[in-house]
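Fold and geometry: a report
Okay, here's what each chain looks like letter by letter:
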Amino acid sequence: MDVLSKLEILTDAAKYDAACTSSGSRRGFKQGWIGNTSSSIAGCCHTFSADGRCVTLLKVLMSNCCVYDCAYCVNRRSNDTRRAAFTPEELADLTINFFRRNYIEGLFLSSGVLRNPDYTMEQMIRAIRILRETYRFNGYIHAKAIPGAAPELVEQLGLLVDRLSCNIELPSEAGLRTLAPEKTKTAILAPMRQIQNRRIQNKEELVKYRHTPKFAPAGQSTQMIVGATPDSDLHILRLTQGLYDRYQLKRVFFSAYVPVVENALLPARGTKPPLLREHRLYQADWLLRFYGFRAEELLDEKTPSFDPRLDPKCCWALRHPEFFPVEVNRADYEALLRVPGLGVVSARRILTARRSGPLRVENLPKLGVVMKRAQYFLTANGQMTDGLRFTQDSLLRNLIAAEQPQLPQPELQQLSLFDSAGSLREATP
């Protein structure tokens with residue numbers, strides 16, 4: 001099989017890995033090296049450098065051959081699909097040639113488990129080592145650590161790449177036992193703990209020795225599949241919170257399950273991926289990372305899942321009317337962040353602007369406040385928007401109406417001239 005045929009197979013097989021993230025890596029110009037982290041063909045995805053610039057990555061698998069038979073995975077052992085595997089030399093040559101043609105600026109590399117975890121990691125390390133040492137490639141590289149691989153291989157990989165990740169796959173251990181019995185929670189969490197400890201050690205070494213090699217300087221991330229198991233949003237959010245607290249992950253990715261295989265334990269083929277649920281989880285994740293919320297504040301046992309009609313912050317605000325209204329001229333930064341329609345930037349602008357004098361309601365839109373949501377939850381000099389009247393029920397309706405244009409709209413269907421009159425009446429709004 002030629003390299004381009006392999007590329008077609010292995011970029012398509014990589015599309016279920018979430019890789020779009022802020023890298024936080026700062027590889028600048030290096031004398032005698034090519035590429036950096038600050039600067040459409042199949043397999044391209046994007047990340048963002050520490051200064052906010054978009055970086056195009058070649059997103060590809062080392063191989064889609066896999067010894068595991070995970071029910072949800074398109075690359076599982078028992079699935080009848082075309083198989084391919086790059087040699088380390090092929091992958092390194094392909095990547096550097098794409099870079100020289102200005103197609104990409106970095107690499108996102110994952111793999112099925114070829115033979116065993118150690119062999120797979122050795123192949124990945126060899127390919128990346130050729131890029132770094134032979135081609136002197138200084139661009140961004142994100143690689144997936146393979147659960148079950150030897151710790152010394154994780155160490156070698158971390159010294160070559162900018163970011164490491166280890167997929168947790170499913171939100172619960174019960175889900176793993178059911179759908180991926182050959183994988184264990186312990187095997188997945190072990191490299192996460194190793195990466196965390198090694199990064200802490202590396203930071204201490206860098207303080208003492210400036211030229212110490214950096215270990216995964218852009219940190220680590222993980223990904224979990226949403227919708228393949230009956231786990232609630234509360235369970236997923238608690239797990240996410242725990243991963244941030246215990247392993248200091250940079251990012252947890254959520255991937256809506258796409259029914260690509262037939263299995264009695266999984267949603268039927270043709271079932272639409274839960275993209276809106278994935279979106280709400282990402283919004284909640286943002287609240288955990290930047291807004292000071294905790295998982296137990298956003299959901300509880302009585303409300304284990306998000307209302308798909310509203311964003312998570314609005315849901316929290318409706319359940320805590322005692323917190324509102326917030327007076328923008330006196331509230332601290334943390335209180336402002338809890339107001340729907342206010343973000344990190346607009347909250348900071350309010351803190352800066354009110355030093356010059358008291359703010360009025362009409363000043364807030366100029367500071368970036370989204371008034372269609374925020375007007376119900378704040379005051380300025382004790383005043384709300386002129387003429388604003390609402391009850392708890394009408395507030396819910398107004399917030400849903402404000403959110404509705406941003407939600408997926410139902411597909412329009414062409415009526416047939418041969419439909420019965422009753423069918424036409426039912427289809428008519």
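Residues numbered from 1 in each chain as written. Predicted model: local features only at pLDDT ≥ 70, side-chain atom pairs only at ≥ 80, totals over all residues. Heavy atoms only, no water.

1. Topic: the pattern of salt bridges
Worth spelling out the cut-off: Counted as salt bridges are all cases of a side-chain nitrogen of Lys or Arg within 4 Å of a carboxyl oxygen of Asp or Glu. Think of it this way: any DSSP run of H or I at least four residues long counts as a helix, any run of E at least two long counts as a strand, and we number them from the N terminus. Three exposure classes are used, based on accessible area relative to the maximum for each residue type with a 1.4 Å probe and protein chains only: buried under 20%, partly exposed in between, and exposed over 50%.
Taken as a whole and assessed by the stated rule, the structure comprises 20 salt bridges. Across the salt bridge formed by E182 and R77, the nearest N and O atoms sit 3.2 Å from each other. Linking E182 in the loop between α5 (173–179) and α6 (185–208) with R77 in the loop between β2 (54–61) and α2 (88–100), this pair joins segments that are 105 residues apart in sequence. Overall, the relative accessible area of 38% leaves E182 in the partly exposed class. R77 sits in the partly exposed class, given a relative accessible area of 45%. Taking the shortest distance from any N to any O, the salt bridge between D285 and R251 comes out at 3.7 Å. Taken together, the residues span a long stretch of sequence, with D285 in helix α8 (residues 275–290) and R251 in strand β7 (residues 251–256) at a distance of 34 residues. Both residues of the pair, D285 and R251, count as buried. Salt bridges here are not isolated pairs; linked through shared partners, they connect R280, D311, R373 and E403.

2. Re the confidence of the model for the protein
Selection criterion: pLDDT measures the predictor's confidence residue by residue and takes values from 0 up to 100. Any two residues having at least one pair of non-hydrogen atoms within 4.5 Å are treated as being in contact.
Looking at the protein, the pLDDT average stands at 88 and 86% of residues meet or exceed 70. Here residues 20–24 is modelled with pLDDT under 50, and outside its nearest four sequence neighbours on either side it reaches 24 contacts, counting other chains as well. Across residues 421–429, where pLDDT falls below 50, the model places four contacts with residues more than four positions away in sequence or in other chains.

3. A short note on the nonpolar core
In globular proteins that are soluble, nonpolar side chains generally tend to be buried together. Selection rule: Note on terminology: a nonpolar core comprises buried Ala, Val, Leu, Ile, Met, Phe, Trp, Tyr and Cys residues joined through side-chain atoms within 4.5 Å.
Of all hydrophobic cores here, the largest spans 119 residues; its most connected members are Y72, L237, L298, I350 and L364. No other element matches the seven residues that helix α3 (residues 117–134) contributes to this core.

4. Observations concerning helix α14 (residues 392–403)
Since the α-helix advances by 3.6 residues per turn, residues separated by three or four positions end up pointing in the same direction. Condition: For a helix, the expected span equals 1.5 Å multiplied by the number of residues minus one.
A rise of 1.5 Å per residue sets the reference length of α14, with its twelve residues, at 16 Å; its end C-alpha atoms lie 17 Å apart and thus fit the reference within 8%. Its buried side turned inward, α14 meets α8, α10 (312–319) and α13 (371–374).

5. A closer look at the packing of helix α1 (residues 3–13) against α2
Filter applied, for reference: Note on geometry: axes are lines fitted to C-alpha atoms, helical ones only across the stretch in contact, with angles between N-to-C directions running from 0 to 180 degrees. For classification, angles of less than 35 degrees are called roughly parallel, those exceeding 145 degrees roughly antiparallel, those between 65 and 115 degrees roughly perpendicular, and all remaining angles oblique. Three classes are used, and their members are as follows: Ala, Val, Leu, Ile, Met, Phe, Trp, Tyr, Cys and Pro are nonpolar, Asp, Glu, Lys and Arg are charged, and the others, Gly among them, are polar.
Between α1 and α2, the shortest axis-to-axis distance is 11 Å and the interhelical angle comes to 85 degrees. On the basis of the axis angle, α1 is roughly perpendicular to α2. Packed against α1, whose contacting residues are V3, K6 and L7, the element α2 presents E90, L94 and F98 at the interface. Taken together, the residues that form the contact of α1 with α2 break down as four nonpolar, no polar and two charged.

6. With respect to the pairing of β7
Stated precisely, the cut-off is as follows: Any two strands with at least two DSSP bridges between them are considered paired. If the strands point away from the viewer and the path from the first strand over the helix to the second runs clockwise, then the crossover is right-handed.
Counting buried positions along β7 gives six out of six residues, so the element sits mostly inside the fold. Burial along β7 is two-sided: R251, F253 and S255 and V252, F254 and A256, pointing in opposite directions, are all buried. Note: strand β6 (residues 220–226) against β7, six bridges, orientation parallel. From the neighbouring strand, I225 faces β7, where its bridge partner is S255. Running through helix α7 (residues 233–247), the crossover from β6 to the neighbouring parallel element β7 is right-handed.

7. Describing the packing of α2 against α3
The cut-off we apply is this: Note on convention: the crossing is left-handed when the near helix lies turned anticlockwise from the far helix by less than a right angle, right-handed when the turn is clockwise.
Here α2 crosses α3 at 40 degrees, and the two axes come no closer than 8 Å. Our classification of the angle between α2 and α3 gives oblique. Here α2 runs over α3; the crossing is right-handed. Residue-level inspection shows P88, E89, L91, A92, T95 and I96 of α2 in contact with α3, the latter providing Q123, R126, A127, I130 and L131. Among the residues forming the contact of α2 with α3, the class breakdown is seven nonpolar, two polar and two charged.

8. A closer look at the side chain of T240
Here T240 shows up in helix α7. Sequence-distant contacts of T240, that is, excluding residues within four places in its chain, are made with M224, V252, F254, D285 and L288.

9. What to know about the state of the cysteines
To be explicit about the condition: Any two cysteine sulfur atoms lying within 2.5 Å of each other are counted as a disulfide.
Under the counting rule described, the total for this entry stands at zero disulfides. Among the cysteines around C314, which has no disulfide bond, C315 carries the closest sulfur, lying 7.1 Å off.

10. As for the packing of aromatic side chains
Note the following rule: Side-chain rings of Phe, Tyr and Trp (the six-membered ring for Trp) are treated as a pair once their centres are within 6.5 Å; stacked means planes under 30 degrees apart, edge-to-face means over 60, and tilted covers the remaining angles. Consider the ring centre and the ring normal. A charge sits over the ring if Lys NZ or Arg CZ is within 6 Å of that centre and within 35 degrees of that normal.
Under the criterion given, the structure shown has eleven aromatic pairs. On the basis of an interplanar angle of 65 degrees and a centroid distance of 5.5 Å, the ring pair of F98 and Y103 is categorised as edge-to-face. Taking 5.2 Å as the distance between ring centres and 75 degrees as the angle between the ring planes, the aromatic pair formed by F254 and Y282 counts as edge-to-face. Here F254 is found in strand β7, whereas its partner Y282 is found in helix α8, with 28 residues between them in sequence. Given a relative accessible area of 1%, F254 falls into the buried group. Ring-pair connections join several aromatic residues into one group, and the members of that group are F293, W316, F323, F324, Y376, F377 and F390. Here K59 stacks its cationic end above the ring of F108, 6.0 Å away from the centre of that ring.

11. Overview of unusual backbone geometry
That bond from F324 to P325 is cis: its omega, 0 degrees, falls within 30 degrees of zero. When you line up the elements, P325 lands in the loop between α10 and β8 (326–327). Phi is positive for R136, which is not a glycine, with a value near 55 degrees. Tracing the backbone through its elements, the reader meets R136 in the loop between α3 and β4 (140–144). Of the residues examined, R136 reaches a relative accessible area of 36% and is grouped as partly exposed. The backbone of E169 sits at a positive phi, close to 70 degrees, despite the residue not being glycine. Residue class for E169 comes out buried when judged on its relative accessible area of 15%.

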